[in-house]
Amino acid sequence: MAKILVEYEKGQESAFYPWLNSLPRQFFNGVSMTKACTSCLPPYAGWLTSNEKINYARFAQALRQGWVPLSQETVSNEEVVKWAYNVAFTRFHEVWQPERAKLIGPMADMLNHAADPNCAIEVDYSGNINVVALREIPAGSALTISYGDPTNPTPLFAQYGFLPQDCATIFCKAMHLEPQIRGLGYDFAELLFQTETGEIAPKVWDVFLYSILQQNDSGAAQQFYAACQSDDEGTKEQYNAQYFEYTLAALKEHVYTILNDCEELTMRAQSYDLNQHPRVPVIVAHNELVFNTFTMTAALLEQMG
């Protein structure tokens, strides 16, 4: 990020000027969203977006401390600083060989995202950045890489400002159960709803049941926790069957709450002037993906009882 600002100050004398001059000036990710935009997002997306804003604020504050040899004019220019941050944040590639590093390779950073990419970026021991084909690629096909976990599009939305069109799953949005998620050692990427069917991943049921047990029977909660940690599927199935009606009710309440929230948030976003809030379309697209998925999930839950 600091390197981008250093090269920016050099203007046309920078060897990177043609690349820098080709980059977008407007971004649609979490860092670039206004408070009004963030207020139109469901809890999980709003949480991720807020985290991105906090990270940017820390970066901007560090710059103002004078640790990087930049002019005061550059450091005090919020638009330029945020642009440089977004360039680095949306165009870097993390590599693990020959050592872990976050690098930007001009031109290689032009490749788009795909859930099933046909290319990967590698760095050799001389520091050269190479784009490597993962399989045979027909002539005329787009070259794609992976920007992140394809099972959960919301982090991509928050970091890069776009909504993948090929995502098969979304996170269950149960941010109110984050302590239970962390307690069970689960990851958000495991707590998914299928976007084409609304089906719920088994671990989502675990999290909701664990919360119910913690509130009503601490001993049972400890036993269920132990079963989850030891992959004791038999014990987990017994608890799931015994408390099914309560877990089902809790899931229904969560799903219908998210559906109501999405409707209200989308209506709020659509009331904004696009000239002042150009990120509204991608926000609405995100909320509609959540709404459509949860609508199918609600239908499945109703069939269960």
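Within any chain, residue numbers begin from 1 and follow the written order of that chain's sequence. Given that the model is predicted, a residue must reach a pLDDT of at least 70 before its local features are reported, and side-chain atom pairs must reach 80 or more before they are shown or counted; all residues, however, enter totals for whole chains, interfaces and linings. Side-chain metrics in this entry use all non-hydrogen atoms of the structure; hydrogen atoms and water are not considered.

Participant: I tried to follow the pattern of salt bridges on my own but got confused; where do I start?
Facilitator: Any carboxyl oxygen of Asp or Glu that lies within 4 Å of a side-chain nitrogen of Lys or Arg is treated as forming a salt bridge with it. Considering all chains together, one arrives at 11 salt bridges under this definition. Note that Arg 100 is salt-bridged to Glu 94, the shortest N-O span being 2.6 Å. Relative accessible area serves as the criterion here: at 56%, Arg 100 is assigned to the exposed category. A residue is classified by how much of its surface remains accessible, and Glu 94, at 32% relative accessible area, is partly exposed. In this structure, Lys 252 engages Glu 302 in a salt bridge whose closest nitrogen and oxygen atoms are separated by 3.4 Å. Placement of Lys 252 in helix α12 (residues 244–270) and of Glu 302 in helix α13 (residues 280–304) is noted, with a sequence separation of 50 residues between them. Put simply, Lys 3, Glu 7 and Lys 10 are held in one network by salt bridges that share partners. Any residue under 20% of the maximum accessible area for its type is buried, any over 50% is exposed, and the rest in between are partly exposed; the area is computed with a 1.4 Å probe on protein chains only. The numbering of helices and of strands both runs from the N terminus, where a helix is a DSSP run of H or I of at least 4 residues and a strand a run of E of at least 2.

Participant: How do you make sense of helix α7 (residues 153–160) when you look at a structure like this?
Facilitator: At 3.6 residues per turn, the α-helix brings residues three or four places apart onto the same side. With 7 of 8 residues buried, α7 lies mostly within the body of the structure. For α7, the full list of buried residues reads Pro 153, Thr 154, Leu 156, Phe 157, Ala 158, Gln 159 and Tyr 160. Gly 161, located one to two residues past α7, shows a positive phi value of around 85 degrees.

Participant: Would you take a moment to explain the packing of aromatic side chains for this structure?
Facilitator: Two aromatic rings, taken as a pair, are described by how far apart their centres are and by the angle between their planes. Centres within 6.5 Å are what make two rings of Phe, Tyr or Trp a pair, Trp counting through its six-membered ring; a difference in plane orientation under 30 degrees is then read as stacked, over 60 as edge-to-face, and the rest as tilted. Taken as a whole and judged by the stated rule, the model has 18 aromatic pairs. Ring centres of Tyr 147 and Phe 162 lie 6.0 Å apart, and the angle between their planes is 80 degrees; on these two criteria the pair is classed as edge-to-face. Highlighted residues: Tyr 147 in the loop between β6 (144–145) and α7 and Phe 162 in the loop between α7 and β7 (169–171), separated in sequence by 15 residues. Look at Phe 162 and you get partly exposed, because its relative accessible area is 25%. Taking the centre distance of 5.7 Å and the plane angle of 15 degrees together, the rings of Trp 205 and Phe 244 count as stacked. One end of the pair, Trp 205, is in helix α9 (residues 202–216); the other, Phe 244, is in helix α12, and 39 residues separate them in sequence. Two limits define a charge over a ring: the Lys NZ or Arg CZ must be within 6 Å of the ring centre, and within 35 degrees of the ring normal. The cationic tip of Arg 182 hangs over the ring face of Phe 188; the distance from NZ or CZ to the ring centre is 5.0 Å.

Participant: Any chance you could explain the nonpolar core here in plain terms?
Facilitator: Within soluble globular proteins, side chains that are nonpolar tend to cluster in buried spots. Ranked by internal contacts, the top residues of the largest apolar core, which has 43 residues, are Phe 171, Leu 191, Phe 193, Val 204, Leu 213 and Phe 294. Elements represented by at least two residues in this core include exactly α4 (43–64), β7, α9, α10 (218–229), α12 and α13. When residues of this core are assigned to their parent elements, the largest contribution, 7 residues, is made by α9. Apart from residues no more than four positions distant in its own chain, Phe 193 is found in contact with Ala 168, Thr 169, Ile 170, Cys 172, Glu 199, Ile 200, Val 204, Val 255, Thr 293, Phe 294 and Thr 297. Residue types Ala, Val, Leu, Ile, Met, Phe, Trp, Tyr and Cys, when buried and joined through side-chain atoms within 4.5 Å, form a set referred to as a nonpolar core. In terms of nonpolar packing, the next biggest core, distinct from the first, is built from 22 residues, Ile 4, Phe 59, Tyr 85 and Phe 92 among them. We call two residues in contact when some of their heavy atoms are within 4.5 Å.

Participant: For this particular structure, what's the right way to read the environment of Phe 193?
Facilitator: Note that Phe 193 resides in strand β8 (residues 192–194). A relative accessible area of 0% means that Phe 193 is categorised as buried.

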